[in-house]
Amino acid sequence: MILQILFIIIAVVTLVSAIFVVTAHKLMHAALWLVLALFGVAVLFAFLEASFFAVVQVLVYIGAIAILVIFAVMLTRRVMDDSGPQLIKGWWVALVGVGALFVGLLAALGTWVGFQAGPGPSPDPALLTQLGSDLVDPTKYAIPFEVASILLLAALVGAIYIAADKKGGKE
Amino acid sequence: MPNFWSDPFGFLIQWFNNLLLGWGLPGGTVQFIAYVVGAFILVAGSLFFCLLLIWAERKIGGRVQDRLGPNRVGPFGLVQAVADMLKIFTKEFVTPDGVDKVVYNLAPIMSVAAVILLWAVIPFTITFYGNDLNVGVLYLVAVGGLADLSIVMAGWSSNNKFALLGAFRAVAQLISYEVPLVISLLLPVMLSGSMKLNEIVRAQDVPFIVTAPIAAAIFFISSIAENGRAPFDLMEAESEIVAGFNVEYSGLKFGFFFVGDFLHAFTIAMLFSVLFLGGWRGPGADQIPILGFVYMMIKTSIMYFLGLLVRFSLPRFRIDQMMNINWKMLTPIALGAVMATAFVDKATANVLATTTPVLGVILRTLILLVTNGMVLWVASDLMGSVLTRKERRVVALEARPVARPEPPAAPIEPTEGEVS
Amino acid sequence: MIPLYWFLAFSIALFCIGLFGVLARKNAIAMLMGIELMLNAVNINLIAFWRYFFAGDAQLDPTRAFAFVAIVFVAAAAETAVGLALIISVYRRRTTVVANDMNLMKG
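Each chain has its residues counted from 1, running along the sequence as written. All chains are assigned letters beginning at A, and all ligands numbers beginning at 1, according to the order in which they are written. Owing to the predicted nature of the model, reporting of local features is limited to residues with pLDDT of at least 70; listing and counting of side-chain atom pairs is limited to 80 or more, with chain, interface and lining totals taken over all residues.

Looking only at helices and strands, one finds three helices and zero strands in chain C. Taken from N to C terminus, the helices and strands of chain C fall in the order α-α-α. Between the two quantities, the radius of gyration covers C-alpha atoms and the globule rule is 2.2 Å times the number of residues to the power 0.38. Its C-alpha radius of gyration of 18 Å places chain C more than 25% over the 13 Å reference for a compact globule of 107 residues. In terms of overall dimensions, chain C has a C-alpha envelope of 55 × 25 × 25 Å along the principal axes. Counting other C-beta atoms within 10 Å of a residue's C-beta gives its exposure: the residue is buried at 20 or more, exposed at 12 or fewer, and partly exposed in between, where C-beta atoms are placed from the backbone. Every one of the 107 residues in chain C was classed for burial, and the buried ones make up 51%. Contacts are defined on C-beta atoms placed from the backbone: any two residues whose C-beta positions lie within 7 Å are in contact. A separation of at least 24 residues holds for 51% of the contacts in chain C among residues at least 6 apart in sequence. Here a helix means four or more residues in a row that DSSP labels H or I, a strand means two or more in a row labelled E, and each is numbered from the N terminus.

Before going further, it helps to spend a moment on the overall build of chain B. Scanning chain B from N- to C-terminus turns up 15 helices and zero strands. In terms of principal-axis extent, the alpha carbons of chain B reach across some 110 × 60 × 40 Å. The buried share of chain B, taken over its 420 residues, is 37%. Considering only contacts within chain B whose residues lie at least 6 apart along the sequence, 75% involve residues at least 24 apart.

This part takes up the interface of chain C and chain A. Facing the 62 residues of chain C at the interface are 70 residues of chain A. Taken together, the elements giving at least two residues each to the side of chain C that touches chain A come down to helix H1 (4-24), helix H2 (28-54) and helix H3 (63-94) of chain C. At 20 residues, the largest contribution of residues to the side of chain C that touches chain A is made by H3 of chain C. In terms of residue class, the side of chain C that touches chain A is made up of 48 nonpolar, ten polar and four charged. Side-chain classes are defined by residue name, with Ala, Val, Leu, Ile, Met, Phe, Trp, Tyr, Cys and Pro counting as nonpolar, Asp, Glu, Lys and Arg as charged, and the others, Gly among them, as polar.

Moving on: the interface of chain A and chain B. Listed as interface residues are 16 residues of chain A and, on the opposing side, 16 residues of chain B. For the side of chain A that touches chain B, the elements supplying multiple residues, two or more each, are helix H2 (27-47) and helix H3 (51-75) of chain A. Here the element with the most residues in the side of chain A that touches chain B is H3 of chain A; it accounts for eleven residues. Its residues assigned to classes, the side of chain A that touches chain B shows 14 nonpolar, two polar and no charged.

On to the environment of Gln287 of chain B, then. Residues and elements named next belong to chain B. Secondary-structure assignment places Gln287 in the loop between helix H12 (252-275) and helix H13 (289-313). Its 10 C-beta neighbours within 10 Å are what place Gln287 among the exposed residues. Through-space distance from the C-alpha of Gln287 to that of Met85 is 40 Å; in sequence the pair is 202 residues apart.

As a further point, take the nonpolar core. Ranked by internal contacts, the top residues of the largest apolar core, which has 177 residues, are Ala31, Leu34, Ala66 and Val69 of chain A. Excluding residues within four positions of it along the chain, Ala31 of chain A makes contact with Ala66, Val69, Ile70 and Val73 of chain A. The nonpolar core criterion groups buried Ala, Val, Leu, Ile, Met, Phe, Trp, Tyr and Cys residues into a set whenever they are joined through C-beta atoms within 7 Å.

Turning to the packing of helix H1 (residues 2-23) of chain A against H1 of chain C, a few remarks are in order. For the pair H1 of chain A and H1 of chain C, the least separation of the axes is 9 Å and the interaxial angle reads 10°. Regarding the angle of H1 of chain A to H1 of chain C, the classification is roughly parallel. The residues of H1 of chain C that touch H1 of chain A, namely those facing Phe7, Ala11, Leu15, Ala18, Ile19, Val21 and Val22 of chain A, are Trp6, Phe10, Ala13, Leu14, Ile17, Phe20 and Gly21 of chain C. Of the residues assigned to the contact of H1 of chain A with H1 of chain C, the class counts are 13 nonpolar, one polar and no charged. Axis definition: a line fitted to C-alpha atoms, limited for helices to the stretch in contact. Angles are taken between N-to-C directions and run from 0 to 180 degrees. For classification purposes, an angle smaller than 35 degrees is called roughly parallel, one larger than 145 roughly antiparallel, one from 65 to 115 roughly perpendicular, and anything else oblique.

Counting contacts across all two pairs of chains found in contact, the highest total belongs to chains A and C. Note that chain B does not reach chain C: the shortest distance linking a C-alpha of one to a C-alpha of the other is 14 Å.

The first and last C-alpha atoms of helix H6 (residues 146-157) of chain B sit 17 Å apart over twelve residues, in line with the 16 Å expected at 1.5 Å per residue. Of all the twelve residues making up H6 of chain B, twelve are buried; the element is thus mostly covered by neighbouring parts of the structure. Listing the buried residues of H6 of chain B in full gives Leu146, Ala147, Asp148, Leu149, Ser150, Ile151, Val152, Met153, Ala154, Gly155, Trp156 and Ser157 of chain B. As for H6 of chain B, its buried residues are in contact with H2 and H3 of chain A together with helix H4 (101-116), helix H5 (136-144) and helix H7 (161-192) of chain B. Backbone geometry just after H6 of chain B places Asn159 of chain B at a positive phi near 55°. How far a helix is expected to stretch is found by multiplying one less than its residue total by 1.5 Å.

All names here are of chain B. Taken domain by domain, chain B comprises domain 1 (7-89) and domain 2 (91-325). In this entry, domain limits derive from an automatic or database-based domain assignment. Here the C-alpha centre of domain 2 lies 19 Å away from the C-alpha centre of domain 1. The partner domain 2 presents 20 residues to the 19 residues of domain 1 that form the contact. Those elements that provide at least two residues to the side of domain 1 that touches domain 2 are helix H1 (8-22), helix H2 (27-64) and helix H3 (80-89). The element best represented in the side of domain 1 that touches domain 2 is H2, accounting for eleven residues. In terms of residue class, the side of domain 1 that touches domain 2 is built from twelve nonpolar, four polar and three charged.

To continue, consider unusual backbone geometry. Notably, Glu49 of chain A is not glycine yet its phi reads approximately 55°, a positive angle. Turning to its location among the elements, Glu49 of chain A is positioned in the loop between H2 and H3. What makes Glu49 of chain A partly exposed here is the crowd of 16 C-beta atoms within 10 Å. The phi angle at Asp66 of chain B is positive, at roughly 65°, despite the residue not being glycine. Among the structural elements, Asp66 of chain B can be located in the loop between H2 and H3.

In predicted models, pLDDT denotes the confidence assigned by the predictor to each residue on a 0 to 100 scale. Taken residue by residue, chain B gives an average pLDDT of 82. The fraction at 70 or more is 91%. No element of chain B has a lower mean pLDDT than helix H11 (residues 238-241) of chain B, which averages 52, and none a higher one than helix H10 (residues 213-227) of chain B, which averages 91.

Look at H1 of chain B: 21 Å from first C-alpha to last across 15 residues, which is about the 21 Å you get at 1.5 Å a residue. Following H1 of chain B by one or two positions, Gly24 of chain B has its phi on the positive side, about 95°.

Time to look at the environment of Leu128 of chain A. Position of Leu128 of chain A among the secondary structure elements: in helix H5 (residues 127-135). With 76 residues separating them along the chain, Leu128 of chain A and Phe52 of chain A place their C-alpha atoms 7.6 Å apart. Apart from the residues within four sequence positions on either side, Leu128 of chain A is in contact with Phe52 of chain A together with Asn134 of chain B.

Another aspect to go through is the confidence of the model for chain C. Looking at chain C, the pLDDT average stands at 86 and 92% of residues meet or exceed 70. The ipTM value of the predicted complex is 0.88, and its pTM value is 0.86.

On to the packing of H3 of chain A against H3 of chain C. Contact geometry of H3 of chain A with H3 of chain C gives a least axis separation of 10 Å together with a crossing angle of 10°. Comparing the axis directions of H3 of chain A and H3 of chain C gives the class roughly parallel. On H3 of chain C, the residues that touch Phe53, Val56, Val60, Ala64, Ile65, Leu68, Val69, Ala72 and Leu75 of chain A of H3 of chain A are Val69, Phe73, Ala77, Thr80, Ala81, Leu84, Ile87 and Ile88 of chain C. Tallied by class, residues from the contact of H3 of chain A with H3 of chain C come to 16 nonpolar, one polar and no charged.

Turning to the environment of Met374 of chain B, a few remarks are in order. All names here are of chain B. Within the secondary structure, Met374 sits in helix H15 (residues 357-387). When the 13 C-beta atoms within 10 Å are taken as the criterion, Met374 is described as partly exposed. Once the C-alpha coordinates of Met374 and Ala340 are considered, the two residues, 34 residues apart in sequence, prove to be 9.2 Å apart.

If you want it as structure tokens, here you go:
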């Protein structure tokens, strides 16, 4: 009972902050609402007993990605003076399309048999060590792990190269 | 029912639970209320303890700088912090025009919250801790990352170019120093096999400062940089950018930043003693939990004192020196130490398992110590050339534009009849 | 006890809000924020399914979902970094972040 109330509160907070993210006038406010939405998602991860991902969500998304977004907002501030409409002209088309998608997806999933399922048994606390050994196990998930690290390396090198200020370069 | 003298915290918790159950509340609600009250007491206790910390800092700082600290208000100046507190409470909140009200007021709150949240996972005794999270070490890093957000919010909402500049530099410093912090935190996790802080304390038969000295040193340095204390106090360099990101804050809001700063310094000392010095371990701490609390406070005070000595002795770093230290020195050494320790630990685990437990522990300690020494030796060898490379241009040999001498100015002739 | 469809409805709603942000905002950085919301909705979906069907049973290989979610985290971080670097780079050249104005390659 109390879990349901808590879930509804957190879900409503997250959805409302998400709505503010996409409709805020000032871009900085949108970035801060994004932080709140990401935090709400982290709390939901903790609800679902995925404690590792709750903490990683705060660490990666809020601690790194949100700060990166805020930096980008501050570095490109001169032009978008937060005046005038923030949405493009045809925004009501997008709204209708998105609403249709929402209803359609819910209806399509509603016919599935497991839609009303209750939660299964709780996860084993030793799952974390199991994840660690699985990520480097060659028969399991070592390949996705290595590919992810190569992706991060490529993103790192690419971002540095793109954003580097070339003095006297192409203008 | 634990004995009051050997475990006062446990006794009080048990007594409170029994009281609430006696009033007829269901078990789940009792637990929830106990959590809320416990959290409240922990937060209030830490904030009140901050008064003592401020006094200690000013006294010790004064002695290091060859002067007495505060000694007028109360015996030995103990009440000075209370006087400061009263002054800050009664100051007016000067809010400049054009600030973003919500963000402006939220920033100091988040700054203090990010520090107090760290206290939730620290084991004070063998039985007294907030919550032994499965991912305790990762939680420490994640919550520490919330402090950067509060600085960005403070700097941006102040509607002040200097504050924004200060916030930029501060966040650059903070997110850079998170990298060696996280890498050096991997070593206690590896050596103890778990991310729970209580398990890490339990696994320290030999304190980790002996088996992983490089990680201890890097953790200490990175934590000081994360906190923003000297020699890394570029964030609030009073002589350079007039108090940096908190220039527009006055009264209690500035007091919040201040309290957050000091509390963070103490929290770093506590974390260091938990992760590397053995926390509440000591002779007799298993049976008598209150002794564990005493040991923990002694170790924390030693590390806090060390931090204060560092603060009052070293001059401030420039921002490029700081970035150099981080990316060219701390991160490679941390990575090297992690790799070497992992390799050596796994390679010798089978061999050490065949010896007796005591001999096994001693041998493992010695082997890891030797490994750390070798990593340091290799690192200093390789990086000596990189760090001392002269990067200054040779100015004297460049062709500089020569100033053309001006033609001599015509002498000013006094006009006739204006002789005064 | 929370039935599964509460989590599914929440994640679909978050995804749709993010999609609206991508489709209807002028600023390129705001579009990136919408993409972040969509990726978070996907993560919630994955973890909800993991918890409700795969968590307790050791036979069903419960860490499979963890590997998937970890890859989504990594992909989101990498894509945000590169996307923001691109936006800043375009801003330097043409001092605009309105997505409609980045139309040099328009045929």
